[in-house]
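Residue-level listing of the chains:
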Amino acid sequence: MRTFDIVIIGSGIAGGFLARQLRLACPDLGVLVLEAAEVMEDYKVGESTVEVAANYMVRRLNLGTYLYQHQLPKNGLRFFFDSPDKDLPLPRMSEIGSDHMPFHPSFQLERARLERDLVTMNRAAGAEVELGAKVVDVAIDGRGRHTVVYEQGGERREVACRWVCDASGRRHVLFRKLGVKVHKEARLNTAAAWGRYRGVAGLDAVTDAAWRSRARYTSRHLSTNHFMYDGYWIWFIPLAGDLMSVGVVFDKDRIGAGNAPAGALPGPRTRAEFERFLGAHRAARELLEGAELEDFQSYAHLPYHAEQYFSTDRYAVTGEAGAFTDPFYSPGSDFIATANEFITQMILSDVRGDRAGFEEKVAAYDAYYRFKYDSTLRLYERMYPVFGSFELYRLKYLLDFNNYYNLVVWPFMADRVTDVGWIREELRFTDLVLRALSTMGEHFASLASDLRARGEYFAQNEGRFANGLNGVAQLETRLGPAIDERFRREQVDRAYGSVFAALVERRLGEQGLSDRARLVSELPLPQVLVFRDITPERLARLLQRIGERMTKELRDELPDAGIERIELGASGVVSVTGPAEGTKAHADALSRARALWDASAGSLAHIAL
């Protein structure tokens, strides 16, 4: 019986990346990859990568040259918003996107080609990769060596190993053999249908001069393009060669259900339904004119999770073999990068004989990975009713984009994500983070419902442009190997305060409220979490507290003015009691109070516009 240090089940990007990382990290490790497919040509979704996965591929896997030579660079995320009748031409749609390539690279992956190339690269690096090798049995021995049985070419073969890593995707080979339950997620009820088209001219073929100049002629084609609707979204992702990935992800509780918005189409499940669904949207229909649908796939349900991902019995899962949330924001390859980082560190500790360090890492990494799933799931949980409104989603994206760069990308780039001490510190704030995600999700969903009732949900869906990169410009020079924890905390408070103040302004009709420095400074994350309901009464109490603080400041600044109270009212009204009206003391106090109240917060909600 042949013996290896690690057997990896599956040679998709999760297993292929893990094999490459292990061989680069420790060339003495014996790595066997067992891939059930005889030829790596299966079309898979997950083409779009974001910053964590890109950093992992370039920095950890040394794939930068390969990616730029054989795959496509990505021009960030881009979002388009339509009319209620889905009839706006592309140049008239409101848009969130960039007017230049983002400062951190990311890529669009033609998965089948990449996975074929990984087989070649991994073999050249010394890993053994067996194609047409279907794993039929796994026996885990926590005290000795594991046994993996596979069938290949009509023969049954058996190998021994110290580690088994499952990267088999939704087949869940290892969990099925171990009897580990994979839970269908009930908090997010989404499904998807997708295909690849040939002959799509692409977004850069649109010749409208004003529309093209709006983005300074940067390539919209290279973006992950999202067409946003109430309860669903449509993606257009370019692939190397004459291919365009096009898909629909929809909330089954909103689309085609009893509570679906008026005029909503049923979610597509078949190829014919998919083509009919896309054809009902003018922008998608015009982009696909003359194109040919090459293949089609669908998933009836997207999110799921397990109870455990890494074990001291020396087995682990990566990628979709363990969990999946939602393809919006393209987090799948980020999950792969994180899991593979964890698995590599656990294996290295184990083979070096550091039992205490190994057990410590397994516990910390598994807890963090479960937290990562739960926090990502909550990010999406209430988003689908918000998607169709430019006005709402612009704020949601601003908050999410800041949190992603600050709380996820930065620690990964600084190699903190595998630091057990750092993870333990992060896990102390698990409840706070999850409450923040849920609370803000509730506020967004509630405002979406309110705007629908007012007939204002689609009010800003035509002719507007927001440069999404402006909202993270302050992080551009900061991201790197050194972490500034104070700055990170300040950015969290600034992002939540800016966005929440904008929600309060819109909900209560208080124009100009959201860029007042005094108000935004009173809304750090902990205070936002206390602000459970956005009501005139809650706002009045907040304004009273701000007024009391301003009263104290102005008494110290103008001790002879006789100031008794500063009051802040609706629509920016400021009043001063104490000095007699008409006197210089009253005029000076009122002028100073108004200046303090009118001072700009430099709110991210305004900068991003």
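Report on the accompanying structure. (Residues numbered from 1 in each chain as written. Predicted model: local features only at pLDDT ≥ 70, side-chain atom pairs only at ≥ 80, totals over all residues. Heavy atoms only, no water.)

1. A short note on the pattern of salt bridges
Between side chains of opposite charge, a pair can form when the charged atoms approach closely.
Then comes step 1: The final tally for this structure, using the stated rule, is 51 salt bridges.
Then comes step 2: Measuring nitrogen to oxygen at the nearest pair gives 2.4 Å for the salt bridge that ties Arg428 to Glu425.
Then comes step 3: The exposure class of Glu425 is partly exposed, given its relative accessible area of 37%.
Then comes step 4: A salt bridge links Arg507 to Asp450, with the shortest nitrogen-to-oxygen separation between them at 3.3 Å. Residue Arg507 is located in helix α14 (residues 485-508), and its partner Asp450 is located in helix α13 (residues 430-454); the two are separated by 57 residues in the primary sequence.
Then comes step 5: Exposure remark for Arg507: the relative accessible area of 25% places this residue in the partly exposed category.
Then comes step 6: Residue Asp450 is classed as partly exposed on the basis of its relative accessible area, which comes to 21%. (Salt bridge = Lys/Arg side-chain N within 4 Å of Asp/Glu carboxyl O. Buried < 20%, exposed > 50% of the residue type's maximum accessible area, 1.4 Å probe, protein only. Helix = DSSP H or I, 4+ residues; strand = E, 2+ residues; numbered from the N terminus.)

2. Focus on empty space enclosed by the protein
Then comes step 1: Applying the stated criterion across every chain yields a total of five cavities of 30 Å³ or more.
Then comes step 2: Taken as a whole, the largest cavity holds about 70 Å³ of empty space.
Then comes step 3: Taken together, Val52, Thr338, Tyr368, Lys372, Leu407, Val408, Pro411, Phe412, Val417 and Trp422 make up the lining of the largest cavity.
Then comes step 4: Of all the elements in the fold, those that place two or more residues in the lining of the largest cavity are α10 (355-381) and α11 (390-413).
Then comes step 5: By residue number, the principal contributor to the lining of the largest cavity is α11, which donates four residues.
Then comes step 6: Residue classes in the lining of the largest cavity are distributed as eight nonpolar, one polar and one charged. (1 Å grid on protein atoms, 1.4 Å probe; cavity = no way out; pocket = protein on both sides within 12 Å on 5 of 7 lines; lining within 4 Å. Points joined across faces, edges and corners; volume = space filled by probe spheres on them. Nonpolar A, V, L, I, M, F, W, Y, C, P; charged D, E, K, R; others polar.)

3. What about the nonpolar core?
Then comes step 1: By size, the foremost hydrophobic cluster in this structure holds 125 residues, and its most contacted members are Ile8, Phe17, Phe79, Phe310, Phe328, Tyr329 and Tyr393.
Then comes step 2: It is α10 that contributes the most residues to this core, eleven residues altogether.
Then comes step 3: Apart from the residues within four sequence positions on either side, Phe79 is in contact with Ser94, Glu95, Ile96, His226, Met228, Phe328, Tyr329, Tyr393 and Tyr397. (Core = buried A, V, L, I, M, F, W, Y, C linked by side-chain atoms within 4.5 Å. Contact = heavy atoms within 4.5 Å.)

4. Considerations on α13
Then comes step 1: If you check α13, its first and last C-alpha atoms are 36 Å apart, about what 25 residues at 1.5 Å a residue would give, namely 36 Å.
Then comes step 2: Among the residues trailing α13, Gly455 stands out with phi positive, at a value near 75 degrees. (Expected span 1.5 Å × (residues − 1).)

5. Some remarks on the pairing of strand β1 (residues 2-9)
Then comes step 1: Where β1 and strand β10 (residues 155-166) come together, seven bridges link them in parallel fashion. Each residue of the ladder has a partner; that of Ile6, found in β10, is Trp163.
Then comes step 2: Here four bridges tie β1 to strand β2 (residues 31-35), and the two strands are oriented parallel to one another. The residue of β2 that forms the bridge with Ile9 is Leu34.
Then comes step 3: Considered for its hand, the β-α-β crossover made up of β1, helix α1 (residues 13-25) and β2 is right-handed. (Pairing = 2+ DSSP bridges. Right-handed = clockwise from strand over helix to strand, strands pointing away.)

6. Regarding the packing of aromatic side chains
Then comes step 1: Following the criterion strictly, the structure yields 40 aromatic pairs and no others.
Then comes step 2: Note on Tyr68 and Phe107: the rings are 5.0 Å apart at their centroids and 75 degrees apart in plane angle, and the pair reads as edge-to-face. Taken together, the positions of Tyr68 in helix α3 (residues 64-70) and Phe107 in strand β6 (residues 107-108) put the pair 39 residues apart, joining distant regions of the chain.
Then comes step 3: On the numbers, 5.4 Å between centres and 45 degrees between planes, the contact of Phe274 with Phe296 is tilted. Taken together, the residues span a long stretch of sequence, with Phe274 in helix α7 (residues 271-279) and Phe296 in strand β16 (residues 292-299) at a distance of 22 residues. (Phe/Tyr/Trp six-rings, centres within 6.5 Å; stacked < 30°, edge-to-face > 60°.)

7. So, the pairing of strand β4 (residues 77-81)
Then comes step 1: Across the five residues that make up β4, a large majority, five, are buried.
Then comes step 2: Both faces of β4 are covered, namely the face carrying Leu77, Phe79 and Phe81 and the face carrying Arg78 and Phe80.
Then comes step 3: The sheet contact formed by β4 and strand β13 (residues 224-229) spans five bridges and is parallel. Following the sheet pairing, Phe80 is matched in β13 by Phe227.
Then comes step 4: Across three bridges, the pairing between β4 and strand β5 (residues 94-97) is antiparallel. Paired with Phe80 across the strands is Glu95, a residue of β5.

8. Comments concerning the packing of α11 against α13
Then comes step 1: Remark: α11 packs on α13, axes separated minimally by 10 Å, with the N-to-C direction vectors making an angle of 170 degrees. Considered as vectors, α11 and α13 are oriented roughly antiparallel to each other. Residues Glu391, Leu392, Leu395, Lys396 and Leu399 of α11 form the contact with α13, whose participating residues are Met440, Phe444, Leu447, Ala448 and Leu451.
Then comes step 2: Its residues assigned to classes, the contact of α11 with α13 shows eight nonpolar, no polar and two charged. (Axes fitted to C-alpha atoms, helices over the stretch in contact; angles between N-to-C directions. Parallel < 35°, antiparallel > 145°, perpendicular 65-115°, else oblique.)

9. Some remarks on unusual backbone geometry
Then comes step 1: One non-glycine residue with positive phi stands out, namely His172, at about 50 degrees.
Then comes step 2: Locating His172 in the fold gives a position in the loop between β10 and α5 (173-178).
Then comes step 3: The phi dihedral of Tyr329 falls on the positive side, at around 70 degrees, and the residue is not glycine.
Then comes step 4: Taking relative accessible area as the criterion, Tyr329 reaches 12% and is therefore assigned buried.

10. Quick word on the side chain of Thr551
Then comes step 1: Secondary-structure assignment places Thr551 in helix α17 (residues 536-557).
Then comes step 2: Side-chain polar atoms of Thr551 contact the backbone nitrogen of Ile566, separated by 2.8 Å.
Then comes step 3: In this structure Thr551 touches Ile563, Glu564, Arg565 and Ile566, once residues within four positions along its chain are discounted. (Polar contact = N/O pair within 3.5 Å; in protein donor to acceptor, adjacent residues only side chain to side chain.)

11. Quick notes on α7
Then comes step 1: Of the positions making up α7, those classed as buried are Phe274, Phe277 and Leu278. All buried residues of α7 project into a common sector of 95 degrees when viewed along the axis, lining one side. (Arc of directions from axis to C-beta.)

12. Things to note about the sheet that holds β5
Then comes step 1: Pairing is mixed in the open sheet, where eight strands are placed in the order β16-β12-β15-β14-β13-β4-β5-β20. The sheet is open, and its two edges are formed by β16 and β20 (465-467), each paired on a single side. In this sheet, neighbouring strand axes are inclined to one another by 15 degrees on average, regardless of whether the strands run parallel or antiparallel.
Then comes step 2: Pairing of strand β12 (residues 190-198) with strand β15 (residues 243-251), which is carried by eight bridges, proceeds in the antiparallel orientation. Residue Gly195 lies in a different strand from β15, and its bridge partner there is Val246.
Then comes step 3: Contacts from α7 reach β12, β14 (232-239), β15 and β16, with the element oriented near 110 degrees to β16.
Then comes step 4: Its contacts with the sheet place α11 against β4, β5, β13 and β20, and it is angled at close to 5 degrees to β5.

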